[in-house]
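# Residue-level structure breakdown
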Amino acid sequence: MHLAHYLGLLHRAQVNLATAFRQVADAHAEEPDLRHLCRQQAQRCDAHAEQLRPFAAHYSEDASAEPDRLHSQLFTGTRTGGIGLLRDLQDLYLMAAECDVAWTVVGQAAYGARDEDLLAVVRRCEGETAIQLKWLRTRMKAAAPQALVVAD
């Protein structure tokens with residue numbers, strides 16, 4: 001069963017997204033809302049990864065290196081300034097989108113396998129990931145005018 005592959009991919013993607021949220025929180029701590037909200041989103045990602053743990057054991061998690069590759073290509077370090085914040089938020093958005101797609105795929109597999117417990121986790125976490133994407137998009141909209149129009 002190849003579900004194990006995607007469980008591994010999703011688990012790793014959630015762990016990497018949590019790490020990236022923490023990096024952005026620390027790098028842009030001067031932003032009033034960002035430090036708190038990024039740390040909150042990191043904790044949510046940690047919880048998602050933890051909720052996957054019993055299913056990974058059940059399906060014999062086959063961890064993939066793909067999410068690590070995505071993380072390393074996007075997060076070679078955070079940036080500074082307004083444009084840096086915007087780029088860091090965009091990177092977080094792309095990493096969260098990877099998680100969102102993986103939740104969809106795992107959800108379809110859970111449905112096919114008739115695994116109601118996994119399906120319940122997917123529904124809950126997929127919804128929370130959608131909220132993360134909306135928040136990131138909104139925060140990018142707020143940061144864009146200052147970063148792109150106002151001179152440093």
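Residues numbered from 1 in each chain as written. Predicted model: local features only at pLDDT ≥ 70, side-chain atom pairs only at ≥ 80, totals over all residues. Heavy atoms only, no water.

## Description of the nonpolar core
- Within the largest apolar cluster, 42 residues are counted, with the highest numbers of intra-cluster contacts made by Phe21, Leu92 and Leu118.
- In this structure Leu118 touches Leu3, Leu7, Phe55, Tyr59, Val106 and Ala110, once residues within four positions along its chain are discounted. (Core = buried A, V, L, I, M, F, W, Y, C linked by side-chain atoms within 4.5 Å. Buried < 20%, exposed > 50% of the residue type's maximum accessible area, 1.4 Å probe, protein only. Contact = heavy atoms within 4.5 Å.)

## Some words on the packing of helix H1 (residues 3-27) against helix H5 (residues 116-148)
- At a closest axis distance of 14 Å, the pairing of H1 and H5 adopts a crossing angle of 35°. In terms of crossing hand, the pair formed by H1 and H5 is left-handed. On H5, the residues that touch Leu3, Leu7, Gln14, Leu17 and Phe21 of H1 are Leu118, Thr129, Gln132, Trp135 and Leu136.
- For the contact of H1 with H5, a count of residues per class yields seven nonpolar, three polar and no charged. (Axes fitted to C-alpha atoms, helices over the stretch in contact; angles between N-to-C directions. Helix = DSSP H or I, 4+ residues; strand = E, 2+ residues; numbered from the N terminus. Left-handed = near helix turned anticlockwise from the far one by under 90°. Nonpolar A, V, L, I, M, F, W, Y, C, P; charged D, E, K, R; others polar.)

## Here we look at the side chain of His48
- Take His48: it is sitting in helix H2 (residues 34-58).
- For His48, the side chain forms a polar contact with the side chain of Glu128, separated by 2.6 Å.
- Non-local contacts of His48, meaning those with residues more than four positions away in its chain, are made with Gln14, Trp103, Cys125, Glu128 and Thr129. (Polar contact = N/O pair within 3.5 Å; in protein donor to acceptor, adjacent residues only side chain to side chain.)

## Overview of the environment of Arg53
- By secondary structure assignment, the location of Arg53 is in helix H2.
- A relative accessible area of 47% places Arg53 in the partly exposed class.
- Note: C-alpha distance between Arg53 and His11 (42 residues apart in sequence) is 8.0 Å.

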